[in-house]
Amino acid sequence: MFDLILRNAVVVTADAERRVIREGAVAVAGGRIARVGTAEEIGAEARSVVDGGGMLLMPGLINTHCHAADSLFRGLVEDLPLEPWLRKVWKAEAATLDPRTVRLGATLGLAELLLGGVTTVMDMFWHPRETVAAARDLGMRVATGGIFFDGPGIDGLGAAERMVQAAAFFDDFADAPDVLAGCFPHGSYTVGPEHLAESKALAAARGGLYCTHAAETRAERADIETRYGASVIRHLDALGLLDARTVLAHCVWLDEEEIAILARTGATVSHNPLSNLKLASGIAPVPAMLAAGVRVTLGTDGAISGNDLDMWLAMRLAAVLHKGATLDAGAVATGQVLDMVTRDAAAALGAADRIGALEPGKFADMILIDLGRAHAVPLFDPLTHLVYSCARSDVRRVYVGGVEVVRDGTLLLHDIEATLDAVRDLVPAIAASVAP
């Protein structure tokens, strides 16, 4: 007997064929998807049966670039481009962050994501074990690991200590189904070639992910060209850092040759349209990347830069922004956007065999979306609805590994009110940290 059946929903599988089953069902056993088909085919023999009538069932969303704990600083630094913005952000972080406050901020940010239907997030932040703890409190998956930053950084570690801690992270989470471990150097302008290469060697030796910011701003590009005589992507490529296990956040300032390098190496780009727009960094050449065969996924960045962690907004921006920028209504297709937050994102995390689609054998990470509101009627094409009409407030139920973790806007495994109160208590000190 199945543990759970969700039936009578519009099932968007997000598989390679992007199949949609209008009166569909998904059966779950042992935390994994056992069967996908019509409600009639699967029946209703299970320990728990949920009627998804009037709803859409799809895989949980995957966010490939976030700094969840930076939710502590939401709205603190405004109307500045990246470089002066970062100087002010780092001042606030230095005055505020320690393991306890990172845990609070990570809980706040990850809760926002989970309530909006995100079941897996790639997160880059100080004290990554606290992010893992927060994710486990909430019941979601996280890709994270050792942070690399030349100089002491917020955590006060030196380069040798960073390598030790990053290796220990791999050791401790090697077999964890809810943690995808990796190395996370901040960027080529904050981490020198030696430490970029050392962190990549560690990630490669452990079969882990490798993620860094890259080519986010014109100033960054000029800085790296001045220092190393090559643009950001050429610099990373020369160091041997680009391959199928590499995720590059942003990639706004690229030329045709750099796009070809990304396609040749198999590196993934995490497109973060909201923060790129808000920080006036520019518009990433996503249509050109897609045309060249580069895998493009989506991220929210941190709430300190975009003010929220709304993946539905990221999807809509990714769909419409490039149409306007290129004057081509077909620049980014609806199906491509949905792939960016499901199957392609799973592949970027090296987890395509486990998450990212509703297919037998994969973890039962699923979300039920309300189709009964005015903005969801009429429904001609479920994929179009998801990309252009759906909102995070439409998410009714969230399952991770077949366990229900959200119902009707409420977290089921964690009482968020205590976290909200603790974050509110930090506001005066945070505000004072950046006061003139």
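Up top is the structure.
Residues numbered from 1 in each chain as written. Predicted model: local features only at pLDDT ≥ 70, side-chain atom pairs only at ≥ 80, totals over all residues. Heavy atoms only, no water.

So, on to the packing of helix α5 (residues 159-173) against helix α6 (residues 193-205). Packed helices, taken two at a time, are described by the angle between their axes plus the distance between the axes. Contact pair α5 / α6: the axes reach a minimum separation of 11 Å and the direction vectors enclose 15 degrees. Considering the angle they form, α5 stands roughly parallel to α6. Note that α5 runs across α6; the crossing there is right-handed. Residue-level inspection shows Ala 159, Met 163, Ala 166, Ala 167 and Phe 170 of α5 in contact with α6, the latter providing His 195, Glu 198, Ser 199, Leu 202 and Ala 203. Class assignment for the residues of the contact of α5 with α6 results in 7 nonpolar, 2 polar and 1 charged. (Axes fitted to C-alpha atoms, helices over the stretch in contact; angles between N-to-C directions. Helix = DSSP H or I, 4+ residues; strand = E, 2+ residues; numbered from the N terminus. Parallel < 35°, antiparallel > 145°, perpendicular 65-115°, else oblique. Left-handed = near helix turned anticlockwise from the far one by under 90°. Contact = heavy atoms within 4.5 Å. Nonpolar A, V, L, I, M, F, W, Y, C, P; charged D, E, K, R; others polar.)

What follows covers empty space enclosed by the protein. Once rolled over the atoms, a probe with the size of a water molecule shows which space is left empty. Scanning the entire structure with this criterion turns up 4 cavities of 30 Å³ or more. Volume-wise, the largest cavity comes out at about 290 Å³. Every residue lining the largest cavity is counted, 22 residues in all, and those nearest its centre are His 67, Asp 70, Leu 86, His 186 and His 213. Of all the elements in the fold, those that place two or more residues in the lining of the largest cavity are α2 (82-96) and α12 (303-306). When residues in the lining of the largest cavity are grouped by element, the largest group, 6 residues, is from α2. Here the residues of the lining of the largest cavity are counted per class, giving 13 nonpolar, 5 polar and 4 charged. (1 Å grid on protein atoms, 1.4 Å probe; cavity = no way out; pocket = protein on both sides within 12 Å on 5 of 7 lines; lining within 4 Å. Points joined across faces, edges and corners; volume = space filled by probe spheres on them.)

Between two aromatic rings, the relevant description is the distance of the centres plus the angle of the planes. If you walk through the whole model with that rule in mind, you get 3 aromatic pairs. With a centroid separation of 5.6 Å and 65 degrees between ring planes, the pair formed by Trp 126 and Phe 149 is classed as edge-to-face. With Trp 126 in the loop between β7 (118-123) and α4 (128-138) and Phe 149 in the loop between β8 (141-148) and α5, the pair connects residues that are 23 residues apart, well separated along the chain. Taking the relative accessible area as the measure of exposure, Trp 126 reaches 7% and is therefore buried. For Phe 149, a relative accessible area of 16% puts it in the buried group. Note on Phe 169 and Phe 173: the rings are 4.6 Å apart at their centroids and 45 degrees apart in plane angle, and the pair reads as tilted. Here Phe 169 pairs with Phe 173, and both are found in helix α5, just 4 residues apart, close to one helical turn. Within the aromatic cluster, the residues linked to one another by ring pairs are Trp 90, Trp 126 and Phe 149. In this arrangement the basic side chain of Arg 32 is found over the ring face of Phe 363, its NZ or CZ atom lying 4.1 Å from the centre. (Phe/Tyr/Trp six-rings, centres within 6.5 Å; stacked < 30°, edge-to-face > 60°. Buried < 20%, exposed > 50% of the residue type's maximum accessible area, 1.4 Å probe, protein only. Lys NZ or Arg CZ within 6 Å of the ring centre and 35° of its normal.)

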